[in-house]
Amino acid sequence: MKEISFRTDVLPLKDELFRLALRITLNRADAEDIVQETMLKVWNRRDSWDELESIEAYCLAICRNMALDKMKRADSQQASLDDDEGHHDHEDRSWSANPEEMAVQRDRVEQVKRLLDQLPEKQRTCMQLRDMEGKAYKEIAQVMGITEQQVKVNIFRARQTIKEKFQQLEQHGL
């Protein structure tokens, strides 16, 4: 077993933990608090690090559970990204387009974000960890406490739902 160091193995995960917490809570301040609480909890349990297969999966699982607990306590499953819009000033300008194309692209991205937020929590988290964080199915299964097959099913269903709803929006403008 590799010896785990808080500085080199845990601290570098803070951005990844933040993105996970933000995706669940949809609130920057809550996500920051959750990351701090996660780091404290991981530090306080440093005696059991030797027994871990993956410190990353351990940290992500704690962060996910804390974010879900916070959401349950707040009793606000249907939060929106409106509270967070002011913090997305980093648009992708890597392709040159006219202003109309850029506006259409921004609208599509916002539609997909709203559709993603409407997914059941398991599907949303699986999809985020796989498609946005690049995690392997095995890692996602460890983080979420489900089988790899369940991870694959959740991701498939999430993608299908978003695809179908996005196509409906594009065709009918609903």
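Here is what the cut-offs are and how they apply
- Residues numbered from 1 in each chain as written.
- Predicted model: local features only at pLDDT ≥ 70, side-chain atom pairs only at ≥ 80, totals over all residues.
- Heavy atoms only, no water.
- Phe/Tyr/Trp six-rings, centres within 6.5 Å; stacked < 30°, edge-to-face > 60°.
- Helix = DSSP H or I, 4+ residues; strand = E, 2+ residues; numbered from the N terminus.
- Buried < 20%, exposed > 50% of the residue type's maximum accessible area, 1.4 Å probe, protein only.
- Lys NZ or Arg CZ within 6 Å of the ring centre and 35° of its normal.
- Contact = heavy atoms within 4.5 Å.
- Arc of directions from axis to C-beta.

> Please set out the packing of aromatic side chains residue by residue, giving values where relevant.
Think of a pair of aromatic rings as described by two things: how far the centres are apart, and how the planes are tilted against each other in angle. Under the definition given, this model contains three aromatic pairs. A ring pair is formed by Phe6 and Trp49, whose centres lie 6.3 Å apart and whose planes are at 10°; its orientation type is stacked. Of this pair, Phe6 sits in helix H1 (residues 6-10) while Trp49 sits in the loop between helix H3 (28-44) and helix H4 (55-74), and the two are 43 residues apart along the sequence. According to the relative accessible area criterion, Trp49 is buried, its value standing at 6%. The structure contains a cluster of three or more aromatic residues connected by ring pairs, namely Phe6, Trp43 and Trp49. Arg130 extends its terminal NZ or CZ atom over the ring of Tyr137, reaching a point 4.1 Å from the ring centre.

> Please set out the environment of Phe166 residue by residue, giving values where relevant.
Mapped onto the fold, Phe166 is located in helix H8 (residues 148-172). Each C-alpha atom of the pair Phe166 and Arg108 lies 8.6 Å from the other, and the pair is 58 residues apart in sequence. Leave out the neighbours within four places in its chain, and Phe166 touches Arg108, Gln111, Val112 and Leu115.

> Quick rundown of helix H7 (residues 137-144)? Include the residues and the values.
Of all the positions in H7, only Ile140, Ala141, Val143 and Met144 are classed as buried. Each buried residue of H7 lies within a common arc of 165° when the element is viewed along its axis, so the set occupies one face.

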